[in-house]
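Breakdown of the fold
Below, each chain spelled out in residue letters.
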Amino acid sequence: MRQTAKALSVLTNYATVVSEPKPQEVKIKHVQVIPFDETSVIIVVVMDNKSVKNNVIKVERAPDFDILNQISNIVNQTLREFSLEQIISKEAYADFLNSPYGKLIDDVFISVIKTVRDEREMRVYTSGVNNILDFPEFSDIDKAKNVFKILEEKDMLIDILDDSNGFRGNLGDIKILIGNENSFEQLKDCSIIKTDYKYGDNSYGSIGIIGPTRMNYAQVIPVLNSIVNNINDVIKALSDGKG
């Protein structure tokens, strides 16, 4: 996705924003705590999107395998019975905090929560932001600053890629917002051309091209379509084990 952003900015001479495919919802299937060495254990977190994450936790003295297996059972049972909010507040496992291994149990839950949050976090890449300066519309330093500022804020980039304003169509459709048609005051002198691509059954990413309202739409749209087709081919190859 990082290379896609770079390629698009080179091919179009505009700023580009690309998000990685992200599951709409991630659930934990299983957690296993296993020994690593005398002063650390490994937390293995398996999620329903087939992602497996490993985290290492430092401890004063690592319990034996039987104790760690008991802790794993506590964690998995708690995850089945309580919401993530109850786990985050420690309400779900408060009774275990005063046990001999309460500190380790707490650390395991903290690690699991961080893993889920990281997995749900959308990663966004930008490229060609300085291309904005090549257009006379942005010779005004204040206008240029406004655009740069919004392209430096991750939350804003996510909003740009998600901004529908009633024009979100089918997956793969090209969406165009010109000037004031987009909901971002900082981009009122810009156009946004956007499309989505799919990965798996419930995961999708987005690609956006940002330039002046007089951007060459006839040139940009075929390039964007070609890039999306290439991404789909790569994803299919990876899914088929050919990557």
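Just so it is clear, the structure is predicted and the values come from calculations on it, not from any experiment.

A short note on the packing of aromatic side chains
Applying the stated criterion across every chain yields a total of two aromatic pairs. Between Tyr 14 and Phe 135, the ring centres sit 5.5 Å apart and the planes meet at 25 degrees, which makes this aromatic pair stacked. Of this pair, Tyr 14 sits in the loop between α1 (2–12) and β1 (15–19) while Phe 135 is found in the loop between β6 (124–127) and α5 (141–152), placing the two residues 121 residues apart along the sequence. Residues Tyr 93 and Phe 109 carry aromatic rings whose centres are separated by 4.1 Å and whose planes lie at 15 degrees to one another, so their mutual orientation is stacked. Of this pair, Tyr 93 sits in the loop between α3 (84–88) and α4 (102–120) while Phe 109 sits in helix α4, and the two are 16 residues apart along the sequence. This pair shows no difference in class: Tyr 93 is buried, exactly as Phe 109 is.

Quick notes on the pattern of salt bridges
One pass over the full model with this rule turns up eight salt bridges. As a salt-bridge pair, Asp 106 and Lys 90 come within 3.1 Å of each other at their nearest N and O atoms. In this pair, Asp 106 sits in helix α4 while Lys 90 sits in the loop between α3 and α4, placing the two residues 16 residues apart along the sequence. We classify Lys 90 as partly exposed; its relative accessible area is 32%. Here Lys 103 and Asp 107 are joined by a salt bridge, their closest N and O atoms 2.7 Å apart. Residue Lys 103 and its partner Asp 107 are located together in helix α4, separated by four residues, close to a single helical turn. Within the structure, one salt-bridge network assembled from shared partners comprises Lys 175, Lys 194 and Asp 196.

Let's talk about the environment of Ile 105
Along the chain, Ile 105 falls in helix α4. Each C-alpha atom, one on Ile 105 and one on Lys 194, is 45 Å from the other, the two residues being 89 residues apart in sequence. Once you skip the residues sitting within four places of it in the chain, Ile 105 turns out to touch Ile 71, Ile 74, Tyr 93, Phe 96 and Ser 99.

Concerning the environment of Glu 121
The topology assignment puts Glu 121 in the loop between α4 and β6. Note on Glu 121: relative accessible area 37%, which makes it partly exposed. Considering only alpha carbons, one finds Glu 121 and Glu 20, 101 residues apart in sequence, at a separation of 9.8 Å.

Notes on the packing of helix α2 (residues 65–81) against α4
Here α2 crosses α4 at 50 degrees, and the two axes come no closer than 11 Å. Judged by the angle between their axes, α2 and α4 are oblique. Judged by the twist between their axes, the crossing of α2 over α4 is right-handed. In contact with Leu 68, Ile 71, Ile 74, Val 75 and Thr 78 of α2, α4 contributes Leu 104, Ile 105, Val 108 and Phe 109.

Observations regarding the pairing of strand β7 (residues 175–178)
Going residue by residue along β7, you find Lys 175 and Leu 177 tucked away on one face and Ile 176 and Ile 178 left uncovered on the opposite face. For β7 and strand β8 (residues 190–199), the ladder comprises four bridges, and the chain directions are antiparallel. Counted as the bridge partner of Lys 175 is Lys 194 from β8.

A look at the confidence of the model for the protein chain
Confidence in the prediction for the protein chain averages 84 pLDDT; 90% of positions are at 70 or higher. Least confident of the elements in the protein chain is strand β2 (residues 22–23), whose mean pLDDT is 63; most confident is α2, at 94. Between residues 165–169, whose pLDDT stays under 50, and residues either more than four places distant or in other chains, the model counts 13 contacts.

Comments concerning the pairing of strand β3 (residues 28–37)
In this sheet, strand β4 (residues 40–47) lies alongside β3 in antiparallel orientation, the contact comprising eight bridges. Looking at β4, one finds that Asp 37 is bridged to Ser 40. Hairpin connection of β3 to β4: two residues between the antiparallel strands.

Brief notes about α2
Between its first and last C-alpha, α2 extends 24 Å over 17 residues, near the 24 Å set by a 1.5 Å rise per residue. Within α2 the residues assigned to the buried category are Ile 67, Leu 68, Ile 71, Ser 72, Val 75, Asn 76 and Thr 78. Tucked into the core, α2 has its buried residues touching β3, β4, α3 and α4. Two to three positions downstream of the cap, the backbone nitrogen of Asp 66 sits 3.2 Å from a side-chain oxygen, assigning the N-cap of α2 to Asp 64.

Rules of the game
Residues numbered from 1 in each chain as written. Predicted model: local features only at pLDDT ≥ 70, side-chain atom pairs only at ≥ 80, totals over all residues. Heavy atoms only, no water. Phe/Tyr/Trp six-rings, centres within 6.5 Å; stacked < 30°, edge-to-face > 60°. Helix = DSSP H or I, 4+ residues; strand = E, 2+ residues; numbered from the N terminus. Buried < 20%, exposed > 50% of the residue type's maximum accessible area, 1.4 Å probe, protein only. Salt bridge = Lys/Arg side-chain N within 4 Å of Asp/Glu carboxyl O. Contact = heavy atoms within 4.5 Å. Axes fitted to C-alpha atoms, helices over the stretch in contact; angles between N-to-C directions. Parallel < 35°, antiparallel > 145°, perpendicular 65-115°, else oblique. Left-handed = near helix turned anticlockwise from the far one by under 90°. Pairing = 2+ DSSP bridges. pLDDT = per-residue confidence, 0-100. Expected span 1.5 Å × (residues − 1). Polar contact = N/O pair within 3.5 Å; in protein donor to acceptor, adjacent residues only side chain to side chain.

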